[in-house]
Amino acid sequence: MATGIKDKVAVIGMGCTSFGEHWNKGPEDLMVDAFVEAIADAGIEKSQIEAAWMGNALDDINVGNSALPLAHALRLRGIPVSRVENMCATGSEALRAASYAVAAGAVDIALAVGVEKLKDTGYGGLPLRTKGLANDLWMPYGSAPGSFAQLAGAYAARHGIEKSDLKRAMAHVSWKSHQNAALNPKAHLRKPVDVETILKAPMIADPLGLFDCCGVSDGAACAIVTTPDIAKGLGIGNPVTVKAIQLCASHGWELQYGEWDGSYVANTRQAAKRAYAEAGVEAPRRDLSVTEVHDCFSITELVTMEDLNLSDEGRAPFDILDGRFDRAGAQPCQIDGGLKCFGHPVGASGLRMAYEVYTQLLGRAGDRQRGTVDLGLVHNLGGAPFNSIAAVSILGRLQ
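Small disclaimer: the values here were computed from a predicted structure and weren't measured.

Participant: What is the right way to read the nonpolar core from this model?
Facilitator: Generally speaking, a soluble globular protein has its nonpolar side chains buried in company with each other. Counting residues in each nonpolar core, the largest one holds 94 residues, and the members touching the most others are Trp53, Leu166, Tyr276, Ile299, Leu302 and Ile394. Sequence-distant contacts of Trp53, that is, excluding residues within four places in its chain, are made with Leu70, Ser82, Val84, Ala94, Ala97, Ala98, Ala101, Ala110, Leu111, Ala112 and Val113. Grouped together as the second largest cluster of nonpolar side chains are 25 residues, Ile39, Ile49, Met54 and Ile109 included.

Structure follows, in structure tokens:
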């Protein structure tokens, strides 16, 4: 019977570039920058890495459809290097592949890298696809803001939330991320924004205004993983370990428009349920110190609080306005600024979020450090609420 990977994989080094507009760098430069930080953190030689995975979601932008850019950029001589893609969960997918390889005993030390360079496209959102690719077939006339605006409408209808109340709770989500990002030198947007400015911003897809939507950016992040025993041999007595990594993908149920009312994301609930079981988390509101969730839109973060069982159904707007998820609240969310202020270089985001949890666990977060952190959760959501891939990872310390 499967027992999961809890405490079978240690994270011994992580790196993350600043996210933003890197006009003078290519994706290879970004991967090198993240890797240099990670391998210095791990204290190993590059030759000790036995396998690597590169997460990159938009293969037609800059890197092509293989892992060769990673192998070339880092000069990874003679080892297996693979490219993975799973929409906005791509970074978490790369970490999952590297962690599973170590947990299975296939390799001793593995590398996961996530990278994306989107500002070169000259487009404000994600690059437009051409007809014929799967994304267009599923929603030929749709858009990301439009899809998540429907989530907001369905959530308000199900729980009887007034539009003005929901709008103010969403504004608090964005306000919180901007406040937090002001303390993070690696964030793209570091300017605090007041709530009234957020509420009065131009509408993008009703009820989502400009500050309810994350932008895109350039960036890379990476992780080096091994076994806890090897970590101890390297002098890391109490390493950060992987407690759980779970994914759940839509299989068509939501698109039947029958049972599902569109007010939540079923895949997040399934992935969280399995991740909590794998990690032994019985009471997530008590056990999780910090969370990094996929705030592509402010309504996504709001609904995710309930999907992760961090708020009761219909209560997330009130918990948010009460400050429960603020940096000084009972259970901080996006303590680094989130997608809202880092932007969303798709393939890199999952590992960037894990980097923040790793940093918090080690007490290295400086001005934004949240005291003692025992367990942290990372959530990614790829696609749209009606056709998505959710990833939930939990990191903690071995002891």
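Participant: Quick question: what am I supposed to make of the packing of aromatic side chains here?
Facilitator: Remark: the centre distance and the inter-plane angle together describe each pair of aromatic rings, the angle taken between the planes. Summed over the entire model, instances satisfying the criterion amount to 2 aromatic pairs. With centroids separated by 5.3 Å and ring planes inclined at 80°, the aromatic side chains of Phe19 and Phe342 adopt a geometry described as edge-to-face. Of this pair, Phe19 sits in the loop between strand S1 (10-16) and helix H1 (27-42) while Phe342 sits in helix H13 (residues 338-342); the two residues are 323 residues apart in sequence, bridging distant segments of the chain. Given a relative accessible area of 3%, Phe19 falls into the buried group. Cation over ring: Arg96 sits above Tyr100, and NZ or CZ is 5.3 Å from the ring centre. Directly above the ring of Tyr264 sits Arg269, whose terminal nitrogen or CZ lies 4.2 Å from the centroid.

Participant: Is there a simple way to think about helix H5 (residues 144-159) in this case?
Facilitator: It helps to recall that an α-helix has 3.6 residues per turn; residues three or four apart then point in one direction. An ideal rise of 1.5 Å per residue puts 22 Å on 16 residues; H5 measures up with 23 Å between its terminal C-alpha atoms. Every buried residue of H5 is accounted for by Ser147, Phe148, Ala149, Leu151, Ala152, Ala154, Tyr155 and Ala156. A positive backbone phi angle near 65° is found at Gly160, which sits one or two residues after H5.

Participant: It is not clear to me how the environment of Thr227 should be interpreted in this structure. Could you clarify?
Facilitator: Relative to the elements of secondary structure, Thr227 occurs in the loop between strand S7 (218-226) and helix H8 (228-233). We classify Thr227 as buried; its relative accessible area is 19%. Taking C-alpha positions, Thr227 is 31 Å from Asn309, a pair spaced 82 residues apart along the chain. If we ignore the near neighbours within four places in the chain, the residues touching Thr227 are Lys8, Ala10, Val102 and Asp108. A polar side-chain atom of Thr227 sits 3.1 Å from the main-chain amide nitrogen of Ile230.

Basis of the calculations
Residues numbered from 1 in each chain as written. Predicted model: local features only at pLDDT ≥ 70, side-chain atom pairs only at ≥ 80, totals over all residues. Heavy atoms only, no water. Core = buried A, V, L, I, M, F, W, Y, C linked by side-chain atoms within 4.5 Å. Buried < 20%, exposed > 50% of the residue type's maximum accessible area, 1.4 Å probe, protein only. Contact = heavy atoms within 4.5 Å. Phe/Tyr/Trp six-rings, centres within 6.5 Å; stacked < 30°, edge-to-face > 60°. Helix = DSSP H or I, 4+ residues; strand = E, 2+ residues; numbered from the N terminus. Lys NZ or Arg CZ within 6 Å of the ring centre and 35° of its normal. Expected span 1.5 Å × (residues − 1). Polar contact = N/O pair within 3.5 Å; in protein donor to acceptor, adjacent residues only side chain to side chain.

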